[in-house]
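Given next are the chains, with one letter for each unit.
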There are 2 protein chains.
Amino acid sequence: MQYHVDGQLVPRSEATVSVEDRGFRYGDGAFETLRAYGGDVFRWPSHVRRLRRTCETLGMPAAVPDDLAVRVADTLEANGLRDGYVRVSISRGVMPGKLTPTTDVDPTVVVYVRELPRGGTAGESVWDGPAVVQSVTTRRIPDPALPADAKTHNYLNGILARLELRRARNDDYQPDEALMRGVDGNVAEGATSNLFFVDDGVLKTPAAGSLLPGITRETVLELADEEGFPIETGRYSLEDVRGADEAFLTNTTWEVRPIEAVDGIGVGGGPMTDLLARLYDERVEARCY
Amino acid sequence: MQYHVDGQLVPRSEATVSVEDRGFRYGDGAFETLRAYGGDVFRWPSHVRRLRRTCETLGMPAAVPDDLAVRVADTLEANGLRDGYVRVSISRGVMPGKLTPTTDVDPTVVVYVRELPRGGTAGESVWDGPAVVQSVTTRRIPDPALPADAKTHNYLNGILARLELRRARNDDYQPDEALMRGVDGNVAEGATSNLFFVDDGVLKTPAAGSLLPGITRETVLELADEEGFPIETGRYSLEDVRGADEAFLTNTTWEVRPIEAVDGIGVGGGPMTDLLARLYDERVEARCY
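Residues numbered from 1 in each chain as written. Chains lettered and ligands numbered in written order. Predicted model: local features only at pLDDT ≥ 70, side-chain atom pairs only at ≥ 80, totals over all residues. Heavy atoms only, no water.

Thoughts on the overall build of chain A
So, point 1. Counting secondary structure elements, chain A contains seven helices and 16 strands.
So, point 2. A compact globule built from 289 residues would reach a C-alpha radius of gyration of about 19 Å, and chain A, at 19 Å, matches this within 12%.
So, point 3. Over its C-alpha atoms, taken along the principal directions, chain A stretches across nearly 55 × 40 × 40 Å.
So, point 4. Every one of the 289 residues in chain A was classed for burial, and the buried ones make up 60%. (Helix = DSSP H or I, 4+ residues; strand = E, 2+ residues; numbered from the N terminus. Rg over C-alpha atoms; globule rule 2.2 N^0.38 Å. Buried < 20%, exposed > 50% of the residue type's maximum accessible area, 1.4 Å probe, protein only.)

Pasting the structure below:
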């Protein structure tokens, strides 16, 4: 396997960054998780737009290299991958000892890839089964502390949420996604996913502002809108989700993934979840990126 | 210069970590900033205790190596340093692709050093002048989102605060520390320092719970207590600080550093600040660690 580090393809075992890289010292970087289907990255423009926005938030507006798409394509090709997981990381690189960043940035740009097969609309999902969701006490970092729409290397908030799940696991109970609430107690998002649920035929999802609005979330909202489904974004309690008719999670890797249960209470997918999953698959197949 | 990486001294230019290290990918690590005076690390036991606590919070209780003190001493010696800045970083290392960490941890342990001279009680401070402090809109991450007493590689909160300062700077105004408030609006701490102020002879500092209680803060509270100074910890507004008789910042590198002004309003040090700074110096000189 080869990764792309700072403009060069290198064997994975030699893909390193300096211990002085601010990505390592402070998690001072932006990233995107992407999926390539048949050699093309799904919704590339949306991902690059968000990556640029994150870099702007971090005060390094010019950090995204102009040839990023080429770097990603080269990395996929070097590894003989047409279907794959791709991660792009852009850190602020090495700077003198101070915490305050200088304006002169020499970013560290890393492209990671991994095989992630896909068989079209009839293909297998990457998840083994529906999500088993557990709510956690770790609260989602509020927007005034870290802008919610920035996707950064500061990911301990989600890791602490997942650690609560690790502690809750036993032979009979295997939750695999943590549902985080905001400091206001309302449901926000999963550690690596956005949440949707269906209530009396209305598709509902927590409003942007206190969560990272994913590209898959955006796609699903588009699809639902095109189908004429009633959509509501708002603030919801855990009880709203537990009592929903259907519920599912979205992210780039999982796409649309039904929720089996929340805190042990069965919810499950259903007709709207299934239809949105199928429409999503069709969009991928049709190369409507 | 040589650093200590994963059990070995290596030239700084070769001190690297894998791009897959969770320290780089997620800021998934703990750190401490230390100072060596005359070959010994000041308040080593307190720093190690906090490092262990941070690692416990991160679900890797055994990550601090037993021989950490030896690694630090070896690194100082290899660089011919008796007085120096030391940083110890412990990341969760490389793990399979999932966000949820496995319990089996092979941590990445890095010791960084840098020359930082000190001339005893008559010596020069590392800071060029008193701090010029500016309050910022970035709010300190609340404890329920990321435990406030954990010192982690997720440092974007402080970096965003410092970026506000960078934008505020001009030829006539050069703030160098950002004063952060909590989501409740009360004053919490600086981006890399704790805050103290003096009001009618009472030494005041924001209460732990919404800030990282520094080892220097702890030392200053001990010194003030030994001197019989009245001490109060509580919740304070920006106005309380701006209207104080004296104010100063503390951290391992700065020790006790007077505040010249807050948001352009002159505050300054004073007799209590000076005395605490002198007592701190004496404790360092007396090797009362």
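Some remarks on the pairing of strand β2 (residues 8–11) of chain B
So, point 1. Inspection of the sheet shows strand β1 (residues 2–5) of chain B paired to β2 of chain B by four bridges, in the antiparallel sense. Following the sheet pairing, Q2 of chain B is matched in β2 of chain B by P11 of chain B. (Pairing = 2+ DSSP bridges.)

Observations regarding the sheet that holds β1 of chain B
All names here are of chain B.
So, point 1. In spatial order, the strands read β2-β1-β7-β6-β4-β5; together these six strands make up an open sheet with antiparallel pairing. A single partner strand is all that each edge strand has here, and the edge strands are β2 and β5 (40–41).
So, point 2. Relative to β5, strand β4 (residues 29–37) runs antiparallel, the two being bridged by two bridges. When the sheet's bridge partners are listed, A36 is paired in β5 with V41.
So, point 3. Running over the sheet, helix α3 (residues 68–78) touches β1, β2, β4, β5, β6 (84–91) and β7 (108–115) and is turned about 35 degrees from β7. (Contact = heavy atoms within 4.5 Å. Axes fitted to C-alpha atoms, helices over the stretch in contact; angles between N-to-C directions.)

Quick word on the nonpolar core
So, point 1. Formed by 66 residues in total, the largest nonpolar core has its most connected members in V86, V88 and I90 of chain A together with V72, V86, V88 and I90 of chain B.
So, point 2. Filtering out sequence-adjacent residues up to four positions away, V88 of chain A remains in contact with A30, F31, E32, L34, L51, L68, V72, V110 and V111 of chain A.
So, point 3. Counting residues in each nonpolar core, the second largest holds 18 residues, with A15, V17 and Y112 of chain A together with A15 of chain B among its members. (Core = buried A, V, L, I, M, F, W, Y, C linked by side-chain atoms within 4.5 Å.)

Focus: the environment of A261 of chain B
Residue and element names in this part refer to chain B.
So, point 1. Here A261 is to be found in strand β15 (residues 255–262).
So, point 2. For A261, a relative accessible area of 10% corresponds to the buried category.
So, point 3. Distance in space between the C-alpha atoms of A261 and V133 is 5.9 Å, their sequence separation being 128 residues.
So, point 4. Those residues in contact with A261, other than ones at most four positions away along the chain, are A131, V132, V133, G266 and V267.

A short note on the sheet that holds strand β5 (residues 40–41) of chain A
Residues and elements named next belong to chain A.
So, point 1. Ordered in space as β2-β1-β7-β6-β4-β5, the six strands form an open sheet in which the pairing is antiparallel. Strands with a single pairing partner mark the edges of an open sheet, and in this sheet they are β2 (8–11) and β5.
So, point 2. Here helix α2 (residues 44–57) sits on the sheet in contact with β4 (29–37), β5 and β6 (84–91), set at roughly 175 degrees to β4.

Some details on the pattern of salt bridges
So, point 1. Enumeration according to the criterion identifies 40 salt bridges over all chains in this entry.
So, point 2. With a shortest N-O distance of 3.2 Å, E20 of chain A and R12 of chain B are connected by a salt bridge. In this pair, E20 of chain A is assigned in the loop between β3 (16–18) and α1 (22–26) and R12 of chain B in the loop between β2 and β3 (16–18), connecting two distinct chains.
So, point 3. By relative accessible area, E20 of chain A is classed as buried at 14%.
So, point 4. Under the relative-accessibility criterion, R12 of chain B is labelled partly exposed at 40%.
So, point 5. The salt bridge involving R283 of chain B is made with E226 of chain B; its shortest N-O contact spans 2.9 Å. Taken together, the residues R283 of chain B in helix α7 (residues 271–285) and E226 of chain B in helix α5 (residues 215–226) connect sequence positions 57 residues apart.
So, point 6. Salt bridges linked by common partners bring R43, E218, E222, E226 and R283 of chain A together as one network. (Salt bridge = Lys/Arg side-chain N within 4 Å of Asp/Glu carboxyl O.)

As for the interface of chain A and chain B
So, point 1. On the chain B side, the residues contacting the 60 residues of chain A number 61 residues.
So, point 2. Of the roughly 4800 Å² buried between chain A and chain B on both sides combined, carbon and sulfur atoms contribute 63%.
So, point 3. Across the chain A-chain B interface, the total number found is two salt bridges.
So, point 4. Scanning the region where chain A abuts chain B turns up 35 residue pairs in polar contact (both at pLDDT 80 or more).
So, point 5. When contributions to the side of chain A that touches chain B are tallied by element, the ones reaching two or more residues are β1 (2–5), β3, α1, β6, β7 (108–115), β8 (131–139) and α4 (156–168) of chain A.
So, point 6. Tallying contributions element by element places α4 of chain A first for the side of chain A that touches chain B, with eight residues.
So, point 7. Residue composition of the side of chain A that touches chain B, by class: 26 nonpolar, 20 polar and 14 charged.
So, point 8. Where β3 of chain A and β3 of chain B come together, three bridges link them in antiparallel fashion. Bridging across to β3 of chain B, V17 of chain A finds its partner in V17 of chain B. (Buried area = accessible area lost by both parts, 1.4 Å probe. Polar contact = N/O pair within 3.5 Å; in protein donor to acceptor, adjacent residues only side chain to side chain. Nonpolar A, V, L, I, M, F, W, Y, C, P; charged D, E, K, R; others polar.)

Regarding the domain arrangement of chain A
The parts lose accessible area when they come together, and the size of an interface is often stated as this lost area.
Residues and elements named next belong to chain A.
So, point 1. According to the domain assignment, chain A contains domain 1 (2–115) and domain 2 (131–288).
So, point 2. A straight line from the C-alpha centre of domain 1 to that of domain 2 covers 26 Å.
So, point 3. If you look at the interface, domain 1 gives 26 residues, while domain 2 gives 23 residues.
So, point 4. When the two sides are added together, the surface that domain 1 and domain 2 hide from each other amounts to roughly 2000 Å², 54% of it contributed by carbon and sulfur.
So, point 5. Summed over the shared surface of domain 1 and domain 2, the result is four salt bridges. (Domains from an automatic or database assignment.)

A closer look at the relation of the copies chain A and chain B
So, point 1. Each copy superposes on the other: chain A lies on chain B with an RMSD of 0.0 Å after a rotation of 180 degrees and an axial shift of 0.0 Å. Taken together, the turn and the small shift mark the pair as related by a two-fold rotation axis.
So, point 2. Both copies present the same face, since 100% of the interface residues in chain A are matched by interface residues at the equivalent positions in chain B. (Least-squares fit on C-alpha atoms with pLDDT ≥ 70 in both.)

Focus: helix α2 (residues 44–57) of chain B
Residues and elements named next belong to chain B.
So, point 1. Between its terminal C-alpha atoms α2 stretches 20 Å, which fits the 20 Å expected from 14 residues at 1.5 Å a residue.
So, point 2. Three or more residues of α2 are buried, namely W44, S46, H47, V48, R50, L51, T54 and C55.
So, point 3. The secondary structure elements touched by the buried residues of α2 are β4, β5, α3, β6 and α5.
So, point 4. Among the residues trailing α2, G59 stands out with phi positive, at a value near 75 degrees. (Expected span 1.5 Å × (residues − 1).)

Description of the side chain of T108 of chain A
All names here are of chain A.
So, point 1. Relative to the helices and strands, T108 is located in strand β7.
So, point 2. Here the side chain of T108 touches D21 through a polar contact of 2.5 Å, side chain to side chain.
So, point 3. Among residues more than four places away in sequence, those in contact with T108 are D6, V17, D21, S89, I90, S91 and G93.

Things to note about the packing of α5 of chain B against α7 of chain B
Packed helices, taken two at a time, are described by the angle their axes make and the gap between the axes.
Residue and element names in this part refer to chain B.
So, point 1. At a closest axis distance of 10 Å, the pairing of α5 and α7 adopts a crossing angle of 105 degrees. One way to sum up the angle between α5 and α7 is to call them roughly perpendicular. Contacts from T216, T219, V220, E222, L223, A224 and E226 in α5 reach L276, L279, Y280 and R283 in α7.
So, point 2. The class makeup of the residues in the contact of α5 with α7 is six nonpolar, two polar and three charged. (Parallel < 35°, antiparallel > 145°, perpendicular 65-115°, else oblique.)

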